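Chain by chain, the residues run as shown.
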Amino acid sequence: MSAVKIEESWKNALAAEWDKPYFAQLKAFLVQEKNEGQVIYPPGGLIFNAFDTTPFDQVKVVILGQDPYHGAGQAHGLCFSVQMGVAPPPSLVNIFKELHSDLGLPIPRHGNLEGWARQGVLLLNTLLTVRASQPLSHKGKGWETFTDAAIQALNRDREGIIFLLWGKPAQEKGKIIDGSKHIVLRAAHPSPLSAHNGFFGCKHFSRVNEELEKHGLAPIDWQV
């Protein structure tokens, strides 16, 4: 399926997926949604933004989210991130609070995390699309299989990647990560419903940089 527009190294890493039946069904579903007049987020050109911004061989850290934000103008293909000019949602506010507590960084004025992605932080949602105002509306349509394949490719072909698994859905994905090859850090989800159950105080941001420096890699500048 050469028509898929995605960064070249990821296109190669995921080459086996493009012609699988589930991916054809997923494409057909998205076309049907569009034909029925459904508003889908993020916009088409940004669905694979996480892959386009963080090439396969440059991934140092993976943060796993669930599905894209479902409000107008929010989602742009990077988990937890919102476009410039959009107020940071509650989970992102809590991420910034933990950053401040962990590293002393000031609370940002915006919620665009592209700077992290350009440094090798793959900001990957489990589902890559959603209907406007309908969270999890594209669950079970094939994206889970696709994002599993992306994680499996990193797990198989790379070493020493740091996976940040926040909340139970992300931690479920941890089953396909080899903990002897990679570093897996787990915490509660930063949602206001669960952040006090182990996200606050997890110090994942400083721990990531300690691990990167231990392996001779440049730390992430987490300032947004």
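Preceding block: the structure.
Presented here is a report on the structure given in the accompanying data block. Keep in mind that this is a model prediction, so the values were computed, not measured. (Residues numbered from 1 in each chain as written. Predicted model: local features only at pLDDT ≥ 70, side-chain atom pairs only at ≥ 80, totals over all residues. Heavy atoms only, no water.)

Another point: the state of the cysteines. A full pass over the atoms with the stated rule returns 0 disulfides. C79 forms no disulfide, and the closest cysteine sulfur to it belongs to C202, at a distance of 14 Å. Residue C79 is classed as buried on the basis of its relative accessible area of 0%. (Disulfide = S-S within 2.5 Å. Buried < 20%, exposed > 50% of the residue type's maximum accessible area, 1.4 Å probe, protein only.)

We now examine the packing of aromatic side chains. Taken as a whole and assessed by the stated rule, the structure comprises 18 aromatic pairs. Ring centres of W18 and F23 lie 5.2 Å apart, and the angle between their planes is 75°; this geometry places the pair in the edge-to-face category. An identical accessibility class is assigned to W18 and F23; each is buried. Following the ring pairs from residue to residue traces out a cluster consisting of W10, W18, Y22, F23, F48, F51, F56, W143 and F146. (Phe/Tyr/Trp six-rings, centres within 6.5 Å; stacked < 30°, edge-to-face > 60°.)

Next up on the list: the pattern of salt bridges. Taken as a whole, this structure holds 7 salt bridges when the rule is applied. Between E17 and K20 there is a salt bridge, and its shortest N-O distance comes to 3.2 Å. A residue is classified by how much of its surface remains accessible, and E17, at 8% relative accessible area, is buried. For K20, a relative accessible area of 33% corresponds to the partly exposed category. Across the pair R156 and D157 runs a salt bridge, and its minimum N-O distance is 3.1 Å. (Salt bridge = Lys/Arg side-chain N within 4 Å of Asp/Glu carboxyl O.)

Before going further, it helps to spend a moment on the pairing of strand β6 (residues 183-187). Covered by surrounding structure in β6 are I183, L185 and A187 only, the residues V184 and R186 on the alternate face being uncovered. Pairing between strand β5 (residues 162-166) and β6: 5 bridges, direction parallel. Following the sheet pairing, L164 is matched in β6 by L185. After leaving β5, the chain enters helix α7 (residues 168-173) and then returns to the sheet as β6, a path that is right-handed. (Helix = DSSP H or I, 4+ residues; strand = E, 2+ residues; numbered from the N terminus. Pairing = 2+ DSSP bridges. Right-handed = clockwise from strand over helix to strand, strands pointing away.)

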